[in-house]
Amino acid sequence: MLAPSVAMLVLWMAVPLAMTLYFSFIHYNLLTPGPKSFSGFSNYYFFLTDLAFATALVNTLIIVGGTLLITVSGGIALALLLDQPVFGQGIVRILVISPFFVLPTVAALVWKNMLMNPVYGVFAQIARGLGFAPLDWFARVPLLSVTIIVAWEWLPFATLILLTALQSLSEEQKEAAEMDGAKWPSYFLHIVLPHLARAITVVILIETIFLLSVFAEILVTTNGGPGVATTNIAFLVYAQALLQFDVGGASAGGIIAVILANIVAVFLMRMIGRNLEA
Amino acid sequence: MARAIPQRRRWLLTVVAWAVGLVIFFPILWTVLTSFKSEGEAIASPPHFLFFHWTLENYAEVQQRSNYLLHVTNSVVISLGSTVIALVIGVPAAWAAAFAPARRTKDLLMWMLSTKMMPPVGVLVPIYLLFRDWGLLDTVTGLTALMMLVNLPIVVWMLYTYFREIPADILEAARMDGAPLFSEIVHVLAPMALPGIASTMLLNIILAWNEAFWTLNLTAANAAPLSAFIASYSSPEGLFWAKRSAASTMAIAPILILGWFSQRQLVRGLTFGAVK
């Protein structure tokens, strides 16, 4: 009974992927009709030596790294906070996890226009109120702006998973630590952090898979610019394919994106696989 | 929860937690508030927080000016349709994997999962060209089928982690008691499997509703669900903030509420059972 699912996924993944691989080795531009000829590795050569590629690779790493930094550290802090017996715990929890359910395009537009707009945005208003010059976010620090938006969307995910893991730390352990008079930092370092290690790894791996493909937030806010300042690999492939109609070049880029993602995926799969044994 | 916490510390923590929660929630709150303002008041400086003239005109205008209902319908059809089809295909698969595993079952499951790790840009070009050649660009049918495939691995996996927790002994006991197959399914299996199926359904509706890579690349005016429709609403400066906020509020409200009820399922579904 697994057969239908497997068959469909083979069709869905293997066939298009094989096509991408094939396209990546031919000259094929939708704007120039004519026979498609074998091109060897030239698509890869042009994609990899394009100056935009180096920038896009660095941007991709910055978006992934920056978001991970914010969401994992913020997520640990929030999880610890939400694990405390505060009044209205359930409501605070709902407030914190809500960003995850917001459409990415809505999130991007709300941040871009209503918060980060240099004239009318809330941040600019606050800055002026405090006597500072407002920051023109998307002109001055475009990549940071995109990263902040993405981090806001993913912070709830990290928080929720770390909180779930934290709650499985037994009450006895927590109480024992308090009765021992263990100081908080060492309690955190020696009991909480090791307990969370597995969940943190899962968060990092899963977020990385998704963050390598950040797209909507970039398309809606900056369109990859100014210049290529916010272009990541996913956006570069999109631009090559659907704006420049260079099927061959975009396919080479797609294959490179797949290879990058696979490096992460191997580690993630190993962790999940190990969990299957248990 | 039985720990004795000094009242003062508890109040202090409460204040901190609420402050942090409100800061994180602020962009959503601000969108909702702006949706009830006039366009002029939406860009007022300094901004009016609660004391403005509340109006519903934006909600009325969004309906009139654009074919908003069409996009809502698209979102509903695509997210519900893709989820239901994925369940029809996924339930038997997960069932077989959980109760009648063969030698290769585990490998197959891992392989299914690996398809989920494929970045979508890796197959953007062929999918776009195939959709173009088959006349599926900007159609609800095409996008529903695609969303189904995108989420099928998560459906199978999530169901699998739920089904695995149903003790196989119970099924056998029912069989020994001479229960016919039909009543075995209705009285024994269904009650135990339904919560897992419902959770899976919920999470996948949310994921399909919020998907924004394929919707942006494969749809235009006709089949655009809300995620793509809102993007087209991005008039650059302050002019349409209130109207867009109204459109945005309507677009995120149903999923936000569904999401609040599915916190647990979210953890399990998105970590493929690695964290419960």
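Quick caveat, the model's predicted, so the values are computed rather than measured.

A separate point is the overall build of chain B. Each helix and strand in chain B was counted, giving 13 helices and zero strands. Ordered by position in the sequence, the α and β elements of chain B form the string α-α-α-α-α-α-α-α-α-α-α-α-α. Over its C-alpha trace chain B gives a radius of gyration of 23 Å, far above what one expects of a compact globule, namely 19 Å for 276 residues. Overall, the C-alpha framework of chain B stretches about 75 × 70 × 35 Å when taken along its three principal axes. Counting over 276 residues, chain B shows a buried share of 45%. A fraction of 81% describes how many contacts in chain B between residues 6 or more apart in sequence connect residues 24 or more apart.

All right, on to the overall build of chain A then. In terms of regular secondary structure, chain A is built from 13 helices and two strands. C-alpha extents for chain A along the principal axes are approximately 80 × 60 × 30 Å. Within the span of chain A, comprising 278 residues, buried residues form 45% of the whole. For chain A, contacts bridging at least 24 residues in sequence account for 71% of all contacts bridging at least 6.

This part is about the interface of chain B and chain A. Across the boundary between the two partners, chain B contributes 83 residues, which contact 84 residues of chain A. Broken down by element, the side of chain B that touches chain A gets its largest block of residues, 16 residues, from helix H1 (residues 7-34) of chain B. Of the residues assigned to the side of chain B that touches chain A, the class counts are 60 nonpolar, 19 polar and four charged.

Turning to the environment of Glu184 of chain B, a few remarks are in order. Residues and elements named next belong to chain B. Relative to the elements of secondary structure, Glu184 occurs in helix H9 (residues 181-210). On the basis of neighbour count, Glu184 is assigned to the partly exposed category, with 16 C-beta atoms found within 10 Å. Through-space distance from the C-alpha of Glu184 to that of Ala145 is 33 Å; in sequence the pair is 39 residues apart.

What follows deals with the nonpolar core. Within the largest apolar cluster, 157 residues are counted, with the highest numbers of intra-cluster contacts made by Ile161, Leu162 and Val237 of chain A. With 17 residues, helix H7 (residues 140-163) of chain B is the single largest residue contributor to this core. Looking at this core, you find at least three residues from each of domain 1 (7-60) and domain 2 (66-232) of chain B. In contact with Leu162 of chain A, not counting residues within four places along its chain, are Gly75, Ile76, Ala79, Leu196, Ala199 and Val203 of chain A.

As a further point, take the packing of helix H8 (residues 142-167) of chain A against helix H13 (residues 263-270) of chain B. Running from N to C, H8 of chain A and H13 of chain B cross one another at 95°; their axes reach a closest spacing of 10 Å. Classified by the angle their axes make, H8 of chain A and H13 of chain B are roughly perpendicular. On H13 of chain B, the residues touching Phe157, Leu160, Ile161 and Thr164 of chain A of H8 of chain A are Gln263, Leu266, Val267 and Leu270 of chain B. Residues that form the contact of H8 of chain A with H13 of chain B fall into these classes: six nonpolar, two polar and no charged.

In this section: the packing of helix H4 (residues 68-99) of chain B against H7 of chain B. Helix packing geometry: the angle between the two helix axes and the distance between the axes. Residue and element names in this part refer to chain B. At a minimum axis separation of 6 Å, H4 and H7 run at an interaxial angle of 40°. In terms of axis orientation, H4 runs oblique to H7. Crossing geometry of H4 relative to H7 is assigned as right-handed. Grouping the amino acids of the contact of H4 with H7 by side-chain chemistry returns 22 nonpolar, six polar and no charged.

You can read the domains of chain B as domain 1 (7-60) and domain 2 (66-232). Of note, the centres of domain 1 of chain B and domain 2 of chain B, computed from C-alpha atoms alone, are 36 Å apart.

Let us now look at the confidence of the model for chain B. All names here are of chain B. Mean pLDDT over chain B works out to 83, with 94% of the residues at or above the 70 mark. Within chain B, no element has a lower average pLDDT than helix H8 (residues 168-176), which sits at 73, and none a higher one than H1, at 91. Interface scoring of the predicted complex returns ipTM 0.86; its pTM is 0.87.

We now examine unusual backbone geometry. Residues and elements named next belong to chain A. Of note, the phi angle at Asn223 is positive, near 55°, even though the residue is not glycine. Structurally, Asn223 is set in the loop between helix H11 (216-221) and helix H12 (233-243). Backbone geometry places Phe245, a non-glycine residue, at a positive phi of 60°.

Residue and element names in this part refer to chain A. Taking 1.5 Å per residue as the helical rise, helix H5 (residues 104-115) with its 12 residues ought to reach 16 Å, and the 15 Å between its terminal C-alpha atoms agrees with that figure. Burial analysis of H5 places 12 of its 12 residues in the buried class, the great majority of the element. Those residues of H5 that fall on the buried side of the exposure criterion are Pro104, Thr105, Val106, Ala107, Ala108, Leu109, Val110, Trp111, Lys112, Asn113, Met114 and Leu115.

Spanning 13 residues, helix H6 (residues 121-133) of chain B covers 19 Å between terminal C-alpha atoms, matching the ideal 18 Å at 1.5 Å per step. Turning to H6 of chain B, its buried residues are Val121, Gly122, Val123, Leu124, Val125, Pro126, Ile127, Tyr128 and Phe131 of chain B.

Right, let's talk about the environment of Asn262 of chain A for a bit. Residue and element names in this part refer to chain A. Looking at where Asn262 falls in the secondary structure, it is placed in helix H13 (residues 247-277). Here Asn262 falls in the partly exposed class, since 15 other C-beta atoms lie within 10 Å of it. Note: C-alpha distance between Asn262 and Ala216 (46 residues apart in sequence) is 22 Å.

Along the polypeptide, Met19 of chain A turns up in helix H1 (residues 3-23). When the C-alpha positions of Met19 of chain A and Ser251 of chain A are compared, they lie 8.7 Å apart, and in sequence the two are 232 residues distant.

Rules of the game
Residues numbered from 1 in each chain as written. Chains lettered and ligands numbered in written order. Predicted model: local features only at pLDDT ≥ 70, side-chain atom pairs only at ≥ 80, totals over all residues. Helix = DSSP H or I, 4+ residues; strand = E, 2+ residues; numbered from the N terminus. Rg over C-alpha atoms; globule rule 2.2 N^0.38 Å. Buried ≥ 20, exposed ≤ 12 C-beta atoms within 10 Å, placed from the backbone. Contact = placed C-beta atoms within 7 Å. Nonpolar A, V, L, I, M, F, W, Y, C, P; charged D, E, K, R; others polar. Core = buried A, V, L, I, M, F, W, Y, C linked by C-beta atoms within 7 Å. Domains from an automatic or database assignment. Axes fitted to C-alpha atoms, helices over the stretch in contact; angles between N-to-C directions. Parallel < 35°, antiparallel > 145°, perpendicular 65-115°, else oblique. Left-handed = near helix turned anticlockwise from the far one by under 90°. pLDDT = per-residue confidence, 0-100. Expected span 1.5 Å × (residues − 1).

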